Amino acid sequence: MAKARVGMSAAEITLFWEREFPQVYQDGRVIEVVAAGDGRATLRMEPAPRLLRPGGTISGPAMFTLADLAMYAAVLSAIGPVALAVTTNLNINFLRRPAPSPMLAHARIIKLGSRLAVGDVEMLSEGESEMAAHATSTYSIPPH
């Protein structure tokens, strides 16, 4: 007997957020779930003017948001549609100034337990090979 699929795809996560977490898109669709599956997710963030800081670079709060959403997508890609999975910790290190261009976030779960998911997120400007920021995160998973 084949094992039932639990996690969500990029398209399923997008629809889930539209329904359960619409504030992700309240100021327009600047963040897109590009790929998701098996505890991994890639998100892409457009450099909308409201996300830039003086000096023409992506702001820290925008990168923090991207990291958190990328980790949430990675968790959903592993456990399925659990709306009340929440961030319990997110630590970010800003490594270099990102260009004012689209930013990619590659998230992966390092350890998935019954109550916690621990993962990391690499963020880089599109077309670049060096990380602009690195985050580690823990998500709490409610009984489901």
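Our subject is the structure that appears above.
Scope of this entry: the structure provided in the associated data block. All of these numbers come straight from a predicted model, not from anything done at the bench.

## Comments concerning the nonpolar core
One finds Trp17, Leu43, Met45, Leu66, Val75, Val121 and Met123 to be the most contacted residues of the largest nonpolar core, which totals 45 residues. Counting only elements with at least two residues in this core, the list comes to helix H1 (10–20), strand S1 (31–37), strand S2 (40–45), helix H2 (60–79), strand S5 (86–94), strand S6 (103–112), strand S7 (116–125) and strand S8 (133–140). Those residues within four positions of Met123 in sequence are excluded, and the remaining contacts are Met63, Leu66, Ala67, Ile92, Met103, Leu104, Ala105, Met131, Ala132, Ala133, His134 and Ala135.

## What to know about the layout of surface pockets
Size it by volume and the largest pocket reaches roughly 250 Å³. Taken together, 16 residues make up the lining of the largest pocket; nearest its centre are Val24, Ile31, Arg50, Leu51 and Thr65. With four residues, H2 is the single largest residue contributor to the lining of the largest pocket. Classifying every residue of the lining of the largest pocket gives nine nonpolar, five polar and two charged.

## Notes on the pattern of salt bridges
All told, the structure shown has six salt bridges when counted by the stated rule. Between Arg19 and Glu20 there is a salt bridge whose closest N-O contact spans 3.3 Å. On the basis of relative accessibility, which here comes to 55%, the residue Arg19 falls in the exposed class. The shortest N-O distance in the salt bridge between Arg96 and Glu128 comes to 3.7 Å. Taken together, the residues span a long stretch of sequence, with Arg96 in the loop between S5 and S6 and Glu128 in the loop between S7 and S8 at a distance of 32 residues. Look at Arg96 and you get partly exposed, because its relative accessible area is 34%. Where salt bridges share partners, they join Arg44, Glu46 and Glu126 into one cluster.

## Overview of the sheet that holds S7
On the basis of which strands lie adjacent, the open sheet formed by six strands has the order S1-S2-S6-S7-S8-S5 and antiparallel pairing. On the outer flanks of this sheet lie S1 and S5, each paired with one strand and no other. In this sheet, adjacent strand axes meet at a mean angle of 20 degrees when their direction is disregarded. Note that S1 and S2 share six bridges and pair antiparallel. Each bridged residue has a counterpart across the sheet, and for Gly37 the counterpart in S2 is Arg40. Lying over the sheet, H1 contacts S1 and S2, oriented at roughly 130 degrees with respect to S1. Where H2 meets the sheet, its contacts fall on S1, S2, S5, S6, S7 and S8, and the angle it forms with S6 comes to roughly 45 degrees.

## Focus on the packing of aromatic side chains
In this structure the tally under the stated criterion is three aromatic pairs. An angle of 20 degrees between the planes, with centres 5.9 Å apart, marks the rings of Trp17 and Tyr72 as stacked. Taken as a pair, Trp17 in helix H1 and Tyr72 in helix H2 lie far apart in primary sequence, 55 residues in all. One exposure class covers both Trp17 and Tyr72, and it is buried. Note on Phe21 and Tyr72: the rings are 6.0 Å apart at their centroids and 85 degrees apart in plane angle, and the pair reads as edge-to-face. Here Phe21 is found in the loop between H1 and S1, whereas its partner Tyr72 is found in helix H2, with 51 residues between them in sequence.

Calculation rules
Residues numbered from 1 in each chain as written. Predicted model: local features only at pLDDT ≥ 70, side-chain atom pairs only at ≥ 80, totals over all residues. Heavy atoms only, no water. Core = buried A, V, L, I, M, F, W, Y, C linked by side-chain atoms within 4.5 Å. Buried < 20%, exposed > 50% of the residue type's maximum accessible area, 1.4 Å probe, protein only. Helix = DSSP H or I, 4+ residues; strand = E, 2+ residues; numbered from the N terminus. Contact = heavy atoms within 4.5 Å. 1 Å grid on protein atoms, 1.4 Å probe; cavity = no way out; pocket = protein on both sides within 12 Å on 5 of 7 lines; lining within 4 Å. Points joined across faces, edges and corners; volume = space filled by probe spheres on them. Nonpolar A, V, L, I, M, F, W, Y, C, P; charged D, E, K, R; others polar. Salt bridge = Lys/Arg side-chain N within 4 Å of Asp/Glu carboxyl O. Pairing = 2+ DSSP bridges. Axes fitted to C-alpha atoms, helices over the stretch in contact; angles between N-to-C directions. Phe/Tyr/Trp six-rings, centres within 6.5 Å; stacked < 30°, edge-to-face > 60°.

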